[in-house]
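# Commentary on secondary and tertiary structure
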Amino acid sequence: MKIRKMKENRTSSIIIHNVILGILAFIWLIPIVWLFFTSFSAESGINTNTFFPEKWSISHYIKLFHPDTVAQFPQWFMNTFVVAVVTCIISTLFVLMVAYATSVMRFPMRKPLMNIAVILNLFPGMLAMIAVYFVLKTFNLTNSYAGLIMVYSASSGLGYLIAKGFFDTVPRALCESARIDGCSEARIFFQMVIPLSRPIVVYTVISSFLVPWMDFVYAKMILNAGISSKYTVAIGLYKMLDKQLINNYFTQFCAGGVLVSIPISILFVIMQKFYVKGITGGAVKG
Amino acid sequence: MENQTKGAAAMVGGFFRALGSFFSGFGTAVAKGDIFVKLSLLWWGAGYVRRKQYVKAVIMTALEAAVILFTIFFAMDYVPKFGSLGTVRAEKVFNPQTMKSEFNDYDHSFMILLFSLFSFVVWFAAIIVLMKNTMNVYKLQLMDESGEHINTFKEDLVTYIGEKFHITLLTLPVLGVVVFTLVPILLLIFVAFTNYDQQHMPPSELFTWVGFTNFITLFGGGGLTATFGYSFVRVLGWTLVWALFATFTTYIGGILLSIMLNSPKTRLPKCWRTLFVVTIAVPQFVSLLLVRNFFADSGIVNTICKEIGLTGFLHDIGLVSTNNLIPFLSAPGWAHVMIILINIWIGVPYQMLIATGVLMNIPSDQLESAKVDGAKPFQIFVKITMPYMLFVTGPALVTDFVKNINNFNVIYLLTQDVYTTTNQALANSQATEVDLLVTWLFRLTQDYYNYKMASAIGIIVFIICAVFTLIAFNFMIKGDKEGTYQ
């Protein structure tokens, strides 16, 4: 009798627990759901009367691929993609290089350099932003992708700590024996440590690829000439919501938002998986 | 994070020790080195010639020549004018030879400032190279005297993928940080002491040093027309309040959510987690711009609130001034609360991800024994989970606070173009009630070209961040508590 009561008690508390989670998830997803449904509205402006669109259509997705002077979504997507690929290559190299040097190698400047990196990491890059803008303007690098790529990737070496944490767990004995066999540090780096660290390499690649897709402020600052065909997705979508344009472009903004969010969300979830794998996998090996 | 356990003071101490040993090494080299080592101070290649490292000698000589040529042909155009930042205005002068009016040979204040700074950095680097070079040459002398083998150039090159591989690896990343983080910060400091603004915009106008004038304006001086002092206090106050609330609400919310998700009562935990992660996987410029229209004055939420009579009710109790709409993001007070609430929506899933990683590592024997002793879940949370979380994530909490002081995206994307201030004093200095210091300085540079004030604000933000991190770091990590949870 008592046991049955306890069981009932447990079941009901499980139900309450999951219902609370459901309510929370519901609140968290309302805006995302609204974005999704609004993008299928037949109207171009904001529907202020009902949550769901009154008339459904996919016309705004079609419009998105027929650029006009304001909305040039395919062009923006390509621009962002190019910037992201180059940024990704440079940042990944920088991060892995710094991580290997600080984790596997021992040299006198190691500790001081790491301390400086800790201090610099505490100060958000936002602060140096306007001065970076001055410098880029002097060298005519504003409104160019080269300037944007530099801003995204130049300081990326500072984000080395996660990769270093992983490299720390690669057994030292492996590196030592390779050294005794006459392996150069470069070969240990490329042929031993990198292949052993696949999860963290994938994590670094994805996270640096996502930076230009997620960023708003640097793009806004550097691409400030107002030429629509040069925008990245972030700036393009932001400009669609200008006071004069919002009534004609709001649904297109939603459609564009959905199209950008899908690949980014997928990459983001994959990245989280590899992040967990990197951390737990590393712990077992150590 | 081996550094964090040592505290800031030890870090600074270690830095000066390293600096000290560098200088003493240089001193010994100069004092005890032979004539070629001493000659290396003037001719960088001298020591290498003596030890028959000819390629290295050529490289060092070329480097020295490059520095000298740079000094004569580049730096000398700018550095001598550094004191005044230029005196010759840009003017159109009629040139009788070409029969056209042309610009005179004018001074460009900003170029002078930037390239002088650049020259200083190059010279500083050259001095380091010079000292390091002398030490290397002295090392070669010692090796020569004790009859050791001296590397050929080829052997030297091989060391860069061998025991000196770290130099190959670190050069470019460090250079990137120096050029895109350190140099800009120095430049920012310089600009804060000039009058570089819309009235003094090169190339047509000059700007010059003004001492502490900008800081005096910022702290309330500068006459009756300047309201920067008033705005600064208002914006700073909101920045701190915002950072405090934003950090703690998302931190605690994240821990609670992650405890709920990881509880054995949760069915399909992965599924729930993915639902929450999706909200942060959508780029902020999409989700925040969307939410801003969601809560707009004529937006969908306002329509619903009006239909269910909430707007009328709030009007009756005096929280809303009109009967038609709730000014979610367009009136002070309402906007402040909404921004913090929306930030919870954005920030909690992030903190949940971080907290999940930490919670998985809580020593389970502690939790088990607490349960056996009959502790209630709430007691376990307060007595075991929270102290453990605070210990592990304490430093991250401080970093989060500093990040929130500079949280540009949330404020800018939610309020830019939507929120207009009715406070004349704030409007005079281009600030609004919901601005953070960073969004204010961004607007000052991008829309009003008021670089001098923006730089001064930037430095203040910098100092605030530095003080908070140093105090908090020392406070939280004082004493060796590492063993407590191991």
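As the structure is a prediction and not an experimental result, all values here were calculated from the model.

### Digging into the overall build of chain B
When helices and strands are counted, chain B shows 20 helices and two strands. Computed over the C-alpha atoms, the radius of gyration of chain B is 30 Å, more than 25% above the 23 Å expected from 2.2 N^0.38 for a compact globule of 486 residues. For chain B, buried positions account for 33% of its 486 residues.

### Overview of unusual backbone geometry
Residue and element names in this part refer to chain B. Residue Pro202 is joined to Pro203 through a cis peptide bond whose omega torsion reads 0 degrees. Of note in this structure, Gln430 is not a glycine but carries a positive phi near 60 degrees. Its location among the elements puts Gln430 in the loop between α18 (424–428) and α19 (437–446). Here Gln430 falls in the partly exposed class, since 18 other C-beta atoms lie within 10 Å of it.

### Re the environment of Leu93 of chain A
Examined against the element boundaries, Leu93 of chain A turns out to sit in helix α3 (residues 73–103). Residues Leu93 of chain A and Val205 of chain A, spaced 112 residues apart in sequence, show a C-alpha to C-alpha distance of 9.2 Å.

### Quick notes on the interface of chain B and chain A
Contacts between the two partners involve 74 residues from chain B, matched on the other side by 71 residues from chain A. Classifying every residue of the side of chain B that touches chain A gives 46 nonpolar, 24 polar and four charged.

### A word on helix α4 (residues 54–78) of chain B
Residue and element names in this part refer to chain B. In this model α4 runs 35 Å from its N-terminal to its C-terminal C-alpha over 25 residues, within 8% of the 36 Å that 1.5 Å per residue would give. Along its length, α4 reaches its greatest deviation from straightness, about 40 degrees, at Thr71. Those residues of α4 that sit buried are Lys56, Ala57, Met60 and Tyr78. For α4, the elements touching its buried residues are α3 (46–50), α5 (109–145) and α6 (153–159).

### Looking at the nonpolar core
If you look at the biggest cluster of nonpolar residues, it comprises 154 residues, and the most contacted ones within it are Val98, Tyr100, Val132 and Val151 of chain A together with Phe285, Leu441 and Ile457 of chain B. Element by element, the count of residues in this core is highest for α3 of chain A, at 14 residues. If we skip the residues at most four places from it in the chain, Val132 of chain A touches Val151 of chain A together with Phe180 and Pro184 of chain B. Among the nonpolar cores identified, the runner-up in size contains 10 residues, and Val37, Met135, Val137 and Leu140 of chain B belong to it.

### Concerning the pairing of strand β1 (residues 92–95) of chain B
Residues and elements named next belong to chain B. Two elements, β1 and strand β2 (residues 100–103), share four bridges in a ladder whose sense is antiparallel. Within the sheet, the bridge partner assigned to Phe94 lies in β2 and is Ser101. Taking the residues that link successive antiparallel strands as the turn, the β1-β2 hairpin has four residues, and the phi of Met99 there is positive, at about 60 degrees.

### Digging into the domain arrangement of chain A
Many structure descriptions define interface size as the accessible area lost when the parts assemble. All names here are of chain A. Partitioning chain A into structural domains gives domain 1 (2–59) and domain 2 (72–285). Across the boundary between the two partners, domain 1 contributes nine residues, which contact nine residues of domain 2. Looking at the side of domain 1 that touches domain 2 residue by residue, the classes come out as three nonpolar, five polar and one charged.

### As for the environment of Met338 of chain B
All names here are of chain B. Positionally, Met338 belongs in helix α14 (residues 334–359). Between the alpha carbons of Met338 and Asn293 there is a distance of 13 Å; along the sequence they are 45 residues apart. Ignoring any residue separated from it by four or fewer positions in sequence, one finds Met338 in contact with Phe295, Phe328 and Leu329.

Reading the values: rules and limits
Residues numbered from 1 in each chain as written. Chains lettered and ligands numbered in written order. Predicted model: local features only at pLDDT ≥ 70, side-chain atom pairs only at ≥ 80, totals over all residues. Helix = DSSP H or I, 4+ residues; strand = E, 2+ residues; numbered from the N terminus. Rg over C-alpha atoms; globule rule 2.2 N^0.38 Å. Buried ≥ 20, exposed ≤ 12 C-beta atoms within 10 Å, placed from the backbone. Contact = placed C-beta atoms within 7 Å. Nonpolar A, V, L, I, M, F, W, Y, C, P; charged D, E, K, R; others polar. Expected span 1.5 Å × (residues − 1). Bend = angle between axes of the 7 residues up to and from the residue. Core = buried A, V, L, I, M, F, W, Y, C linked by C-beta atoms within 7 Å. Pairing = 2+ DSSP bridges. Domains from an automatic or database assignment.

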